[in-house]
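Structural overview
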Amino acid sequence: MAVIEVSAPNPLAVDCQACAGKGVFQGMFHRGICNACDGLGLVCRASGELLDPLIAALELRRRLNEAQRWIELPRAAAAGGPGADYQGHHRGGGNWTGD
Ligand SMILES: [Zn+2]
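**A few points about the overall build of the protein**
Assigned secondary structure in the protein consists of two helices and four strands. Reading the protein from its N terminus to its C terminus gives the helix and strand order β-β-β-β-α-α. By the burial criterion, 12% of the 99 residues in the protein qualify as buried. Contacts in the protein between residues at least 24 apart in sequence constitute 39% of all its contacts with a sequence separation of at least 6.

**Digging into helix H1 (residues 53-79)**
In this model, H1 (27 residues) spans 38 Å end to end at C-alpha, consistent with the 39 Å of a helix rising 1.5 Å per residue. Roughly 30 degrees is the biggest bend found in H1, and it falls at Glu72, with proline Pro74 one to four residues downstream.

**A look at the nonpolar core**
With nine residues, the main nonpolar core is built from Ala13, Cys16, Cys19, Cys37, Leu40, Leu42, Val43, Leu51 and Ala56. Those residues within four positions of Cys37 in sequence are excluded, and the remaining contacts are Cys16, Ala18, Cys19, Gly23, Leu42, Val43 and Leu50.

**Describing the environment of Asp52**
By secondary structure assignment, the location of Asp52 is in the loop between strand E4 (42-44) and H1. Asp52 gets classed as exposed once you count the C-beta atoms within 10 Å, which come to 11. Sequence spacing of Asp52 and Ala13 is 39 residues, and the spatial spacing of their C-alpha atoms is 9.5 Å.

**Details of unusual backbone geometry**
Among all residues except glycine, the phi angle is most often negative; among peptide bonds, the trans geometry is most common. Phi at Ala20 is positive, roughly 60 degrees, even though this residue is not glycine. Take Ala20: it is sitting in the loop between strand E1 (13-15) and strand E2 (24-26). Of note in this structure, Asp38 is not a glycine but carries a positive phi near 60 degrees. Within the secondary structure, Asp38 sits in the loop between strand E3 (31-33) and E4.

**Re the environment of Lys22**
Relative to the assigned elements, Lys22 resides in the loop between E1 and E2. In sequence terms Lys22 and Ile33 are 11 residues apart; their C-alpha atoms lie 9.2 Å from each other.

Thresholds, definitions, all that
Residues numbered from 1 in each chain as written. Predicted model: local features only at pLDDT ≥ 70, side-chain atom pairs only at ≥ 80, totals over all residues. Helix = DSSP H or I, 4+ residues; strand = E, 2+ residues; numbered from the N terminus. Buried ≥ 20, exposed ≤ 12 C-beta atoms within 10 Å, placed from the backbone. Contact = placed C-beta atoms within 7 Å. Expected span 1.5 Å × (residues − 1). Bend = angle between axes of the 7 residues up to and from the residue. Core = buried A, V, L, I, M, F, W, Y, C linked by C-beta atoms within 7 Å.

Now the structure itself:
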């Protein structure tokens, strides 16, 4: 079984140009699912047609992982530093007050 690295961009998938990767189109009076990508927002890089479901799932998983990593960044940064010593139960610990 081949190992597929899901953190790297999938070379077979690109954003749908018809809907700019949104999966929906905005008409004059209504909004609907993009026909070019069936609402996925992604198409095959080579043909511009619908993606194989496995390729689509892998690319969506990669994008979700990337988005979650960006969401976690501020939380991880807030968990460290001087403020961490003043939160929760701690035994001993550093003195960051500068005195
Ligand atoms: Zn589309």
